[in-house]
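Below are the chains, spelled out letter by letter.
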Amino acid sequence: MRLWRSLKSWRQFSVGPVSLFYRFGRRVPVSNNRRRQPQRIKADCASPVAPPDGALSIHAAYGSERDASTETALIVGVGPGYGFELARRFAASGMRVALASRNAERLDDLVDELSAAGGQVNAYGCDATDERSVAALLATVTAELGAPHLVVYAVQGFCPGTVMGTEVPAFEESWRQNCLGGFIVARAAARMMVPLGRGSIILTGSTSSLIGREEHLNLAVGKFGLRALAQVLAREVWPSGIHVAHVVIDADVKDSDVFEAGYTQAEPRHLADAVFGLHRQPRTAWTSEMDFRPWNEKFWQHC
């Protein structure tokens, strides 16, 4: 174990004026996007997925008459709970939906569920911390579903530990997932959207985006950075018609149907409604940041 910890640290090998920096690490498998041909459903033959119970009417809630069936949504970091409900909400509106995860195969059941209901949904393998992987993802999604109108970054990585007890590789890996990946994805999305003069980029934060609590260093540093990224990018691309927003989920998010009495959790279906609402805001009343929590939740008590 001591040897492995040592090998994960960065090393330098110099040859004259050139230095090679390297370290050892476990390989993170990423799904091959050529594993199967995507299921193509023509828009004129597909009917929108029925909205989940309690979902807000697009027109009634947001006063928008835009046809969502002409739009594409990309969710990077799709997991049970928040990510799954984002996919369901966007598909329910009629949007074409791209789901990105390192392990795309685990999204097959969700893709099948939404496709069977008439949605146009594909899953893709992508490592958000690798800019070449993200560039390939955007190119593939654009070719198959169209250039994204909405991109949501929902990746979160956390390894608890104190400042004195945290090792550099663990700190770096959490920062890469919580911040670097958001930068790579948001930059790629902005570069695609700015020439088109439209689009929304929504970055998902947590309580640790604002509060640095003990033993949460690895989450707080990355989430603080993601919030800073959202603020800077908003100032740079809002004038070009690109809506950048940061959302803070100050709660534990329910990721199953199991209910524990007395345990407060945010309902992911309602979070998804709110995120879709951000995308539908008129340009004269854009929101740069929103924080969400249940009505009976204490403020800033989670990670």
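- Under the annotation held in an unreviewed UniProt entry, the protein carries the name SDR family NAD(P)-dependent oxidoreductase and is attributed to Massilia genomosp. 1.

**Re a nonpolar patch on the surface**
Okay, step 1: Together, Phe171, Trp175 and Val221 make up a nonpolar patch on the protein surface, roughly 220 Å² of accessible area in all.
Okay, step 2: Using a relative accessible area of 33% as the deciding quantity, one classes Val221 as partly exposed.

**A closer look at the layout of surface pockets**
Okay, step 1: A volume near 760 Å³ is recorded for the largest pocket.
Okay, step 2: Along the wall of the largest pocket there are 34 residues; nearest its centre are Gly77, Gly79, Ala154, Val155 and Gln156.
Okay, step 3: Elements that contribute at least two residues to the lining of the largest pocket include exactly helix 3 (82-92), strand 4 (96-101) and strand 7 (200-206).
Okay, step 4: Among the residues forming the lining of the largest pocket, the class breakdown is 13 nonpolar, 15 polar and six charged.

**As for the side chain of Glu71**
Okay, step 1: Residue position: Glu71 is located in the loop between helix 2 (58-62) and strand 3 (72-76).
Okay, step 2: For Glu71, the side chain forms a polar contact with the side chain of Arg280, separated by 3.4 Å.

**Considerations on the nonpolar core**
Okay, step 1: Core analysis: the biggest nonpolar cluster contains 35 residues, and Ile75, Tyr82, Leu86, Phe90, Leu99 and Val152 have the highest contact counts within it.
Okay, step 2: Looking at this core, the elements with two or more residues in it are strand 3, helix 3, strand 4, helix 4 (108-116), strand 5 (121-125), strand 6 (150-153), strand 8 (243-249) and helix 8 (268-279).
Okay, step 3: Of all the elements, helix 3 adds the most residues to this core, at six residues.
Okay, step 4: Beyond its immediate stretch of four places on either side in the chain, Leu99 contacts Ile75, Val78, Ala87, Leu107, Leu110, Val111, Val121, Asn122, Ala123 and Tyr124.

**Side note on unusual backbone geometry**
Okay, step 1: Look at Glu215: it is not a glycine, yet its phi comes out positive at around 65°.
Okay, step 2: Tracing the sequence through the fold places Glu215 in the loop between strand 7 and helix 7 (217-237).
Okay, step 3: What makes Glu215 partly exposed here is its relative accessible area of 46%.

**Overview of the environment of Ala186**
Okay, step 1: Within the fold, Ala186 resides in helix 6 (residues 168-193).
Okay, step 2: Taking the C-alpha atoms as reference, Ala186 lies 8.7 Å from Ala230; in sequence the two are 44 residues apart.
Okay, step 3: Residues in contact with Ala186, not counting those within four places in the same chain, are Ile201, Leu203, Leu229 and Leu233.

**Quick notes on the packing of helix 6 against helix 7**
Okay, step 1: Look at helix 6 against helix 7: their axes get within 8 Å of each other, and the N-to-C directions meet at 15°. What the angle tells us is that helix 6 and helix 7 run roughly parallel. Between helix 6 and helix 7 the crossing geometry is right-handed. Note on element contacts: helix 7 touches helix 6 through Leu217, Asn218, Leu219, Val221, Gly222, Lys223, Gly225, Leu226, Leu229, Leu233 and Val237, opposite Ala170, Phe171, Ser174, Trp175, Asn178, Cys179, Gly182, Phe183, Ala186 and Ala190.
Okay, step 2: Here the residues of the contact of helix 6 with helix 7 are counted per class, giving 14 nonpolar, six polar and one charged.

**Overview of the sheet that holds strand 8**
Okay, step 1: With parallel pairing, seven strands are arranged side by side in an open sheet as 5-4-3-6-7-8-9. The two strands at the open ends of the sheet, each matched to only one other strand, are strand 5 and strand 9 (289-292). Adjacent strand axes in the sheet meet at a mean angle of 20°, parallel and antiparallel pairs treated alike.
Okay, step 2: As defined by bridge partners, strand 4 adjoins strand 5 across five bridges and the pair is classed as parallel. What sits directly across from Ser101, in strand 5, is Gly125.
Okay, step 3: Here helix 4 sits on the sheet and contacts strand 4 and strand 5; the angle it forms with strand 5, its principal contact strand, is near 160°.
Okay, step 4: Running at roughly 160° to strand 5, helix 5 (residues 131-145) makes contact with strand 3, strand 4 and strand 5 of the sheet.

**Description of helix 4**
Okay, step 1: All buried positions along helix 4 are accounted for by Asp108, Leu110, Val111, Leu114 and Ser115. Down the axis, helix 4 shows its buried residues gathered within 160° of arc, on one side only. Facing away from the buried side of helix 4 by over 90 degrees, the exposed positions are Asp109 and Ala116.
Okay, step 2: For helix 4, the secondary structure elements touched by its buried residues are helix 3, strand 4 and strand 5.
Okay, step 3: Count one or two residues on from helix 4 and you reach Gly118, which has phi positive near 100°.

**Thoughts on the packing of aromatic side chains**
Okay, step 1: The tally for this structure, following the rule as stated, stands at two aromatic pairs.
Okay, step 2: Judged by centre distance (6.2 Å) and plane angle (40°), the ring pair of Phe90 and Phe276 falls under tilted. With Phe90 in helix 3 and Phe276 in helix 8, this residue pair connects regions lying 186 residues apart in the sequence.
Okay, step 3: Ring geometry for Trp238 against Trp286: centres 5.2 Å apart, planes inclined by 75°, an arrangement best described as edge-to-face. Taken together, the residues span a long stretch of sequence, with Trp238 in the loop between helix 7 and strand 8 and Trp286 in the loop between helix 8 and strand 9 at a distance of 48 residues.
Okay, step 4: Look at Trp286 and you get buried, because its relative accessible area is 17%.
Okay, step 5: Positioned above the aromatic ring of Phe276, the side-chain terminus of Arg89 is 4.6 Å from the ring centre.
Okay, step 6: One Lys or Arg, Arg293, reaches over the ring of Trp300 and ends 4.8 Å from the middle of that ring.

Calculation rules
- Residues numbered from 1 in each chain as written.
- Predicted model: local features only at pLDDT ≥ 70, side-chain atom pairs only at ≥ 80, totals over all residues.
- Heavy atoms only, no water.
- Patch = residues over 30% accessible without salt bridge, like charges linked within 9 Å, V, L, I, M, F, W, Y side chains within 5 Å.
- Areas by Shrake-Rupley, 256 points an atom, 1.4 Å probe, with all protein chains shown as cover.
- Salt bridge = Lys/Arg side-chain N within 4 Å of Asp/Glu carboxyl O.
- Buried < 20%, exposed > 50% of the residue type's maximum accessible area, 1.4 Å probe, protein only.
- 1 Å grid on protein atoms, 1.4 Å probe; cavity = no way out; pocket = protein on both sides within 12 Å on 5 of 7 lines; lining within 4 Å.
- Points joined across faces, edges and corners; volume = space filled by probe spheres on them.
- Helix = DSSP H or I, 4+ residues; strand = E, 2+ residues; numbered from the N terminus.
- Nonpolar A, V, L, I, M, F, W, Y, C, P; charged D, E, K, R; others polar.
- Polar contact = N/O pair within 3.5 Å; in protein donor to acceptor, adjacent residues only side chain to side chain.
- Core = buried A, V, L, I, M, F, W, Y, C linked by side-chain atoms within 4.5 Å.
- Contact = heavy atoms within 4.5 Å.
- Axes fitted to C-alpha atoms, helices over the stretch in contact; angles between N-to-C directions.
- Parallel < 35°, antiparallel > 145°, perpendicular 65-115°, else oblique.
- Left-handed = near helix turned anticlockwise from the far one by under 90°.
- Pairing = 2+ DSSP bridges.
- Arc of directions from axis to C-beta.
- Phe/Tyr/Trp six-rings, centres within 6.5 Å; stacked < 30°, edge-to-face > 60°.
- Lys NZ or Arg CZ within 6 Å of the ring centre and 35° of its normal.

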